[in-house]
Amino acid sequence: MSASKQLQHRRAHNLLLITKLLSCRENASPFTLVIDSLEQSGKGLVREFIRRANVAKTRVVFVSLETLRKPKGVDVFIAAAQQNPIALQKEIAKVAGEISGRQKTLLILDTLHPLISHPATSLTLPQFLSSLLNPSTSLVATYHSDMPLPQSTAAAANSHYMPHPLTLLKYISTTLLTVHSLPHVIDHKEAQDRSLAGPVFGLAEEIEGVVGGLGRNGRGNDAAVRGTVLEMEYRRKSGRGVREWFFLPATPPLNGAAIGKTKETAILLEDHPLYKRGPEEMNGQEEGVDTTFDLGLTEKQRRDREGVVLPYFDAQNDGGGPGEGGRILYDMGVEDDFDEEEDEI
């Protein structure tokens, strides 16, 4: 199979897969873990889950551990910031019991840190999350990678006898979606193409007072950068993983007339026009500023260069008959010293 056909096959297969995951079709992923940071928030991705659930007539249950207001498109909003995990588990089970028939449910946890740090669930978090699932329920939970853990939880996580909470969550999840900022991804690719060290942003800069870097959350004047880069890792039942990078553009909320008329907007990251451009095309103007002279040609110089007829062009003419193509054409100048006797020899 040629490279173009392989790319076409991979594009069609992985786009269909990300559509199933974001739309929660066929219970493709019972537990989806969204990992975000200060450089790229996962709220836009969660809104996309809610938007697609509304299109599919899926019931959305939002468990709020840090969100103050009920998001648009949510059917059931549970304020759980001050609740005990055991009471929260019973309330979610009660809401699940109210579902009639085989209606699918999308259960969203806006953050996992309160459950990780709570004494009742810090050691039994996998069992707690597993109790929320059933054949008709898909769970989407967000983990903030830049949020520090409480001291007691961090000490337990550093123990040699217990894995880090994020490691445990990655192990039990069926799909990992790590969000990135498109400007940051492009900067890393540009540095990699030039064999340079990749740039750092935000807290990684280790500069006092700097929390977020430029271009965080895909902010910019160009509409092409408004969106989220998704790093997907999907675990099949066979154990084989599927890894791919996507770009999910920012989508406005649906109104009543638009429901049921949506089309897939996610694309492969390598198909994004800004990501496909080479470093010369992206930074050609910046390279010109670094020099004290111009390496380019003016329009007049370009026309003069194209008008020059080189000597070997005449050898390609067939009008001279066989053997004429090897003639040496030379026009003597006034400074040439021509000797007829030497020419005869």
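Below, the structure is looked at part by part. All figures in this text were calculated on a predicted structure; none of them were measured in a lab. Starting from 1, residues in each chain are numbered consecutively following that chain's sequence as written. Since the coordinates come from a predicted model, pLDDT governs what is reported: local features require at least 70, and pairs of side-chain atoms require 80 or more to be given and counted, while whole-chain, interface and lining totals use all residues. Only hydrogens and water are set aside when side-chain values are computed; all heavy atoms of the structure are taken into account.

### Some thoughts on the environment of Gly 202
Using the following cut-off: Under the DSSP-based scheme used, a helix requires at least four consecutive residues in state H or I and a strand at least two consecutive residues in state E, with every element numbered from the N terminus. Relative accessibility decides the category of a residue: with a 1.4 Å probe and only protein chains considered, values under 20% of the type maximum give buried, values over 50% give exposed, and everything between is partly exposed. Any two residues whose heavy atoms approach within 4.5 Å are treated as being in contact.
With respect to the helices and strands, Gly 202 occurs in the loop between α8 (182-193) and β7 (227-235). The buried category is assigned to Gly 202, whose relative accessible area is 0%. Spatially, the C-alpha atoms of Gly 202 and Leu 214 are 8.1 Å apart, while their sequence positions differ by 12 residues. If sequence neighbours within four positions are ignored, Gly 202 has contacts with Glu 39, Val 210, Val 211, Gly 212 and Gly 213.

### Considerations on helix α3 (residues 85-97)
The line we're drawing: What a helix is expected to span follows from its residue count: subtract one and scale by 1.5 Å. It is the directions from the helix axis to the C-beta atoms that the arc portrays. For the purposes of these results, a polar contact is taken to be a pair of N or O atoms within 3.5 Å, where, inside protein, one atom must be able to donate a hydrogen and its partner to accept one; residues adjacent in sequence count only when each atom of the pair is a side-chain atom.
Between its terminal C-alpha atoms α3 stretches 18 Å, which fits the 18 Å expected from 13 residues at 1.5 Å a residue. Buried residues of α3: Pro 85, Leu 88, Ile 92 and Val 95, and no others. Looking straight down α3, one finds that the buried residues subtend no more than 80 degrees of arc, so they occupy a single side. Residues of α3 that are exposed and angled more than 90 degrees away from the buried face: Lys 90, Ala 93, Lys 94 and Gly 97. Considering only its buried residues, α3 is in contact with β2 (59-64), β3 (76-79), β4 (105-109), α4 (113-117) and α5 (125-131). Capping the start of α3, Asn 84 holds a side-chain oxygen 2.8 Å from the backbone nitrogen of Ile 86, two or three residues further along.

### Observations regarding empty space enclosed by the protein
Spelled out, the test is: Put plainly, a pocket is an open set of points on a 1 Å grid over the protein atoms alone with protein on both sides within 12 Å along at least five of seven lines, a cavity is a set where a 1.4 Å probe fits but cannot get out, and a lining residue has an atom within 4 Å of a point. Grid points are joined across faces, edges and corners, and a volume is the space filled by probe spheres set on the points. Residue type decides the class: Asp, Glu, Lys and Arg count as charged, Ala, Val, Leu, Ile, Met, Phe, Trp, Tyr, Cys and Pro as nonpolar, and the leftover types, Gly among them, as polar.
This structure, assessed with the given rule, holds 2 cavities of 30 Å³ or more. If you go around the largest cavity, the residues you meet are Lys 20, Leu 21, Cys 24, Asn 27, Ala 28, Ser 29, Thr 32, Phe 49, Ser 138, Leu 139 and Val 140. Those elements that provide at least two residues to the lining of the largest cavity are α1 (3-23) and β5 (137-144). Top contributing element to the lining of the largest cavity by residue count: β5, with 3 residues. The class makeup of the residues in the lining of the largest cavity is 6 nonpolar, 4 polar and 1 charged.

### Description of a nonpolar patch on the surface
Using the following cut-off: What makes a patch is a set of residues exposed beyond 30% relative accessible area and free of salt bridges, joined within 9 Å when like-charged and within 5 Å when nonpolar (Val, Leu, Ile, Met, Phe, Trp, Tyr). For every accessible area listed, the method is Shrake-Rupley and the probe measures 1.4 Å; residues are considered covered only by the protein chains on display. Whenever Lys or Arg places a side-chain nitrogen within 4 Å of a carboxyl oxygen from Asp or Glu, that contact is recorded as a salt bridge.
Side chains of Leu 38, Leu 203 and Val 211 sit close together on the surface and give an oily, nonpolar patch of about 230 Å² of accessible area. Along the chain, Leu 38 turns up in the loop between β1 (31-36) and α2 (43-55).

### Description of the pattern of salt bridges
Applying the stated criterion across every chain yields a total of 11 salt bridges. Two residues, Arg 10 and Glu 270, come together in a salt bridge whose shortest N-O distance is 2.7 Å. On the criterion of sequence distance, the pair formed by Arg 10 in helix α1 and Glu 270 in the loop between β9 (267-268) and α9 (273-276) is long-range, its members being 260 residues apart. For Glu 190, the salt bridge goes to Arg 194, with nearest N and O atoms at 3.9 Å. Judged by relative accessible area, which is 18%, Glu 190 ranks as buried. Residues participating in the shared-partner salt-bridge network are Arg 10, Glu 244 and Glu 270.

### Observations regarding the pairing of β3
It is a general feature of regular strands that their side chains alternate between the two faces of the sheet. To be explicit about the condition: A pair of strands counts as paired when DSSP detects no fewer than two bridges linking them.
With burial as the criterion, only one face of β3 is covered, namely that bearing Val 76 and Ile 78; the residues Phe 77 and Ala 79 on the opposite face remain uncovered. Note: β2 against β3, 4 bridges, orientation parallel. Counted as the bridge partner of Val 61 is Val 76 from β3.

### Some thoughts on the environment of Glu 299
The residue Glu 299 is located in helix α12 (residues 299-307) in this model. Residue Glu 299 is classed as partly exposed on the basis of its relative accessible area, which comes to 48%.

### Description of the packing of α1 against α2
Note the following rule: Each axis is a line fitted through C-alpha atoms, and for a helix only the stretch in contact is used; angles between axes span 0 to 180 degrees, taken between their N-to-C directions. Oblique is the label for any angle not covered by the other classes, which are roughly parallel (under 35 degrees), roughly antiparallel (over 145) and roughly perpendicular (65 to 115).
Contact geometry of α1 with α2 gives a least axis separation of 8 Å together with a crossing angle of 85 degrees. In terms of orientation, α1 and α2 fall into the roughly perpendicular class. Counting all contacts with α1, which are made through Thr 19, Leu 21, Leu 22 and Ser 23, the residues of α2 involved are Leu 45, Phe 49 and Arg 52.

### Quick notes on the sheet that holds strand β8 (residues 241-249)
The sheet built from 9 strands is open, its strands ordered β3-β2-β4-β5-β1-β6-β7-β8-β9 with mixed pairing. Edge strands, defined here as strands with exactly one partner in the open sheet, are β3 and β9. In the sheet, β4 pairs with β5 via 5 bridges, with the strands oriented parallel. Across the sheet, Leu 109 pairs through a bridge with Ala 141, a residue of β5. Contacts from α3 reach β2, β3 and β4 within the one sheet, and its direction differs from that of β3 by about 170 degrees. Together, β1, β5, β6 (175-180) and β7 form the strand contacts of helix α7 (residues 165-172), whose direction differs from that of β1 by roughly 140 degrees.

### Some thoughts on the pairing of β8
As paired strands, β7 and β8 are joined by 9 bridges and run antiparallel to one another. Its bridge partner being in β8, Glu 233 is matched across the sheet by Arg 243. For β8 and β9, the ladder comprises 2 bridges, and the chain directions are antiparallel. The residue of β9 that forms the bridge with Phe 246 is Leu 268.

### Structural notes on the packing of aromatic side chains
Convention followed: Each Phe, Tyr or Trp ring, with Trp reduced to its six-membered ring, pairs with another whose centre is within 6.5 Å; inter-plane angles below 30 degrees give stacked pairs, above 60 give edge-to-face pairs, and intermediate values give tilted ones. Each ring is checked for a lysine NZ or an arginine CZ that lies within 6 Å of its centre and within 35 degrees of its normal; such an atom marks a charge sitting over the ring.
On inspection of all chains with the given rule, the structure shows 1 aromatic pair. Their ring planes at 10 degrees and their centres at 5.9 Å tell us that Phe 62 and Phe 77 sit as a pair that is stacked. Separated by 15 residues along the polypeptide, Phe 62 in strand β2 and Phe 77 in strand β3 bring together distant segments of the chain. Sitting above the plane of the Tyr 275 ring, Lys 189 keeps its charged end 5.2 Å from the centroid.

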